[in-house]
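A look at the structure
Chain residues, written in single-letter form:
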Amino acid sequence: MYADDDSDDYSFETFGGGGGAFSAFGPMRGYNVRQSRNQRQFTQFYSAYPIAAHMDNKADANHGGKIFMPPSALEEISQLEVVYPLLFKLQTDHTGEHKRTHCGVLEFTAEEGRVYLPQWMMATLGLQPGAAVEVINVALLHGSLVKLQPQSVDFLDISDHRAVLENALRRFSALTVGDIISFEYNAKEYQIAVIETQPSPSAINIVETDLSVDFAPPIGYIEPTRAGSSSAGSVIKDGKGGSRERENSRFAAFRGTGSRLKGGEENSGAKSYAGDVQAEKVDTDDGAGEPVPLDLPLGTLFFGYPAVLPPGAENKDDAKDDAGNKFHGSGQVLRQRRKR
């Protein structure tokens, strides 16, 4: 049978063959059987309490979607023609507003007249401990897609969302649109809202089904803006906005002064190639006060400062010329060669 939240009728699937129709649990009276939930459906009112109040300390079940029911419920359900896995709709209207959610059952160990619900389920239904809640056995379509929205940007800190959610959803049997479920990971509680389900628009069964998960941006998430590219080095703008000076931030070694033994100070005399580079002034007379983009030919690099030869590089060419002029001149021989 498949239930619609807005309908009171439930249809049983039947299988023809031989002398009649059969359901998954035995013979039925005929084909296309439809039975009202008031006839062959489990429905009961219980007093709702949070799982933290369970006498056997079932705190591990607080981050899940299954409840604790009394043993009498199991006895009554076993005498009915129900569809497994057992799914229930919890609904209440004691506040004047109809609220509902769906769940599975974990154990039949609660005291008679009581059911124990996870804390997030108590909050969804707006229940106080001891408030009445109606528990109805239903059957839901197997889900194919669910869309979730984390309630905090802390969810983005989880490295493997797929593995964490797969493990967390094993504690749930059904998902209902509008619910804010909770799960625990690394000793921290996370809350996620169910905003869409398919194929049913209200609730789905997620037991033994291939479920696709989609995410909406977490609440409080701000899309990062792309910052414009900034020039390297510090840029100083004058009061009129006419020109800017980009200082060279290149490392310069051995700058400073030296001390003589006989007293006094003098410059160390150590020259730094990087220190000799003067700050480059970029002229921006384009009227907009912005640097003019460089239009360089392909394969040309611009480093932003004039090329300065290292000390001694200018004398290398002269040394090469001197080396080439060695051993030039006319020689003398002891014996002259006779002309024929």
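First, a word on scope: everything that follows refers to the structure included in this document.

Thresholds applied
Residues numbered from 1 in each chain as written. Predicted model: local features only at pLDDT ≥ 70, side-chain atom pairs only at ≥ 80, totals over all residues. Heavy atoms only, no water. Helix = DSSP H or I, 4+ residues; strand = E, 2+ residues; numbered from the N terminus. Buried < 20%, exposed > 50% of the residue type's maximum accessible area, 1.4 Å probe, protein only. Contact = heavy atoms within 4.5 Å. Areas by Shrake-Rupley, 256 points an atom, 1.4 Å probe, with all protein chains shown as cover. Pairing = 2+ DSSP bridges. Core = buried A, V, L, I, M, F, W, Y, C linked by side-chain atoms within 4.5 Å. Salt bridge = Lys/Arg side-chain N within 4 Å of Asp/Glu carboxyl O. Phe/Tyr/Trp six-rings, centres within 6.5 Å; stacked < 30°, edge-to-face > 60°. Axes fitted to C-alpha atoms, helices over the stretch in contact; angles between N-to-C directions. Arc of directions from axis to C-beta.

1. A word on the overall build of the chain
Tallying secondary structure elements over the chain gives 5 helices and 22 strands in all. Buried residues in the chain amount to 31% of all 340 residues. Partitioning the intrachain contacts of the chain with sequence separation of at least 6 by distance along the chain shows that 69% fall at a separation of at least 24. With the model as given, the accessible surface of the chain reaches about 22,700 Å², and the carbon-plus-sulfur share is 49%.

2. Description of the pairing of strand 9 (residues 99-107)
The pairing of strand 7 (residues 66-68) with strand 9 spans 3 bridges and is classified as parallel. Pairing of Lys66 across the sheet is with Gly104, part of strand 9.

3. A word on the nonpolar core
Residues Phe42, Met69, Phe88, Leu90, Leu117 and Phe183 are the most contacted members of the largest nonpolar core, which totals 42 residues. Discounting chain neighbours no more than four positions away, the residues touching Phe42 are Met69, Ala73, Glu76, Ile77, Leu80, Phe88, Val135, Ile136 and Asn137. In this structure, Leu87, Ile136, Leu140 and Ala174 belong to the second largest nonpolar core, which totals 6 residues.

4. Some remarks on the pattern of salt bridges
Taken as a whole and judged by the stated rule, the model has 3 salt bridges. We note a salt bridge from Lys58 to Glu107, for which the minimum N-O separation is 3.5 Å. With Lys58 in the loop between strand 6 (43-50) and strand 7 and Glu107 in strand 9, this residue pair connects regions lying 49 residues apart in the sequence. Here Lys58 falls in the partly exposed class, since its relative accessible area comes to 22%. Salt-bridge contacts for Arg170 lead to Glu166; the nearest nitrogen and oxygen are separated by 3.9 Å. Classification of Glu166 as partly exposed rests on a relative accessible area of 45%.

5. A look at the packing of aromatic side chains
One pass over the structure, following the stated rule, counts 6 aromatic pairs. Look at Phe42 and Phe88: their rings are 6.1 Å apart centre to centre, the planes differ by 80 degrees, and that puts the pair in the edge-to-face class. On the criterion of sequence distance, the pair formed by Phe42 in the loop between helix 1 (37-40) and strand 6 and Phe88 in strand 8 (residues 87-92) is long-range, its members being 46 residues apart. With a centroid separation of 6.3 Å and 45 degrees between ring planes, the pair formed by Tyr49 and Tyr116 is classed as tilted. Of this pair, Tyr49 sits in strand 6 while Tyr116 sits in strand 10 (residues 114-117), placing them 67 residues apart in sequence.

6. Some remarks on the sheet that holds strand 14 (residues 180-185)
On the basis of which strands lie adjacent, the open sheet formed by 4 strands has the order 14-15-12-17 and mixed pairing. Of all strands in the sheet, those bounded by a partner on one side alone are strand 14 and strand 17 (212-215). Geometrically, the sheet is characterised by an average inter-axis angle of 40 degrees between neighbouring strands, direction not taken into account.

7. What about the environment of Gly113?
Secondary-structure assignment places Gly113 in the loop between strand 9 and strand 10. Taking the C-alpha atoms as reference points, Gly113 and Ser72, 41 residues apart in sequence, are found 9.1 Å from one another. The contact partners of Gly113, leaving out residues within four places of it in the chain, are Tyr46, Ser47 and Pro70.

8. Notes on helix 4 (residues 161-168)
Among the residues making up helix 4, those that are buried are Val164, Leu165 and Ala168. Down the axis of helix 4, the buried set is contained in an arc of 95 degrees. They therefore lie on one face. On its buried face, helix 4 is in contact with strand 12 (145-150), strand 14, strand 15 (188-198) and strand 17.

9. As for the environment of Leu127
As for its position among the elements, Leu127 is in the loop between helix 3 (119-125) and strand 11 (132-138). Sequence spacing of Leu127 and Asp93 is 34 residues, and the spatial spacing of their C-alpha atoms is 9.9 Å. When neighbours within four sequence positions are excluded, Leu127 is seen to be in contact with Ala48, Thr92, His94, Leu117, Met122, Ala132 and Val133.

10. Side note on the pairing of strand 6
Looking at chain direction, strand 6 and strand 11 are connected through 5 bridges and run antiparallel. Pairing of Gln44 across the sheet is with Val135, part of strand 11. Relative to strand 10, strand 6 runs parallel, the two being bridged by 4 bridges. Looking at the pairing, Tyr49 lines up with Tyr116 of strand 10.

11. Description of unusual backbone geometry
Cis peptide bonds are those with omega within 30 degrees of zero, and the linkage from Tyr84 to Pro85 qualifies with 0 degrees. Mapped onto the elements, Pro85 comes out in the loop between helix 2 (71-77) and strand 8. Across the junction of Gln198 and Pro199, the peptide omega takes the value 5 degrees, indicating a cis bond. Along the chain, Pro199 falls in the loop between strand 15 and strand 16 (203-205). A positive phi angle is found at Asn57, which is not glycine, with a value near 55 degrees. Among the secondary structure elements, Asn57 is positioned in the loop between strand 6 and strand 7. The backbone of Glu208 shows a phi angle near 55 degrees, a positive value even though the residue is not glycine.

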